[in-house]
Amino acid sequence: MSMAYEEYMRQVVKPMREELVHAQFKELLTPEDVENFMNEVTGTTFVVVNSVCGCAAGLARPAAIQAVQASEKKPDNLVTVFAGQEREATAKMREYFTGYEPSSPSMALLKGKEIVFFVPREQIEDNEMEQIVQELTAAFEKYCS
């Protein structure tokens, strides 16, 4: 790909990254970041696989943020990888999503390294944001301390 295209894409995705980062999600940018994080993780982790995809990603990011803010019980860790941008980091994170097809955007709640709740793209784009928030909040209430 050309340098001009790569720079264009960096600028396009910048506000999409910042939306989660400003909400205290930690970006995992490399496979090593993912591996180091997962090797040391304790408690519950909410992972958002960020994406440029308009309809689903435009619901996923605000729903994820609202669910964390609204829930009495919150995940211990908030992390994000960006599909289509940090491909290797995203692929590494997806190795922990055993039994689930790659989907972006998507959201996963892990307890330790085990998935306890997963929301694929299809369940994001076919729902209202309030419904997604309710499902995430219910999962946080069930699995988080």
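Keep in mind that this is a model prediction, so the values were computed, not measured.

Caption draft 1: Region of interest: the overall build of the chain. In terms of helices and strands, the chain carries six helices and five strands. Starting at the N terminus and walking to the C terminus, you meet the elements of the chain as α-β-α-β-α-β-α-β-β-α-α. For a compact globule of 145 residues, the expected C-alpha radius of gyration is about 15 Å, and the chain comes in at 14 Å, within 12% of that figure. Viewed in the frame of its principal axes, the chain has a C-alpha envelope of about 45 × 35 × 30 Å. Every one of the 145 residues in the chain was classed for burial, and the buried ones make up 46%.

Caption draft 2: Representation of helix α1 (residues 3-21) within the structure. The end-to-end C-alpha distance of α1 is 25 Å, a good match for the 27 Å that 19 residues give at a rise of 1.5 Å each. Maximum bend of α1: about 40 degrees, positioned at Val-13, with proline Pro-15 one to four residues after it. Among the residues of α1, those classed as buried are Met-9, Val-13, Met-16, Arg-17 and Leu-20. Considering only its buried residues, α1 is in contact with β1 (26-27), β2 (44-50), α3 (54-70) and β3 (77-82).

Caption draft 3: Structural context of the sheet that holds β2. Read from one edge of the open sheet, five strands run β1-β3-β2-β4-β5, paired in mixed fashion. Of all the strands in the sheet, the pair left with one neighbour each is β1 and β5 (114-119). By the bridge criterion, six bridges tie β2 to β3 in an arrangement that is parallel. Of the residues in β3, the one forming a bridge with Val-48 is Thr-80. Together, β2 and β3 form the strand contacts of helix α4 (residues 87-94), whose direction differs from that of β3 by roughly 130 degrees.

Criteria and thresholds
Residues numbered from 1 in each chain as written. Predicted model: local features only at pLDDT ≥ 70, side-chain atom pairs only at ≥ 80, totals over all residues. Heavy atoms only, no water. Helix = DSSP H or I, 4+ residues; strand = E, 2+ residues; numbered from the N terminus. Rg over C-alpha atoms; globule rule 2.2 N^0.38 Å. Buried < 20%, exposed > 50% of the residue type's maximum accessible area, 1.4 Å probe, protein only. Expected span 1.5 Å × (residues − 1). Bend = angle between axes of the 7 residues up to and from the residue. Contact = heavy atoms within 4.5 Å. Pairing = 2+ DSSP bridges. Axes fitted to C-alpha atoms, helices over the stretch in contact; angles between N-to-C directions.

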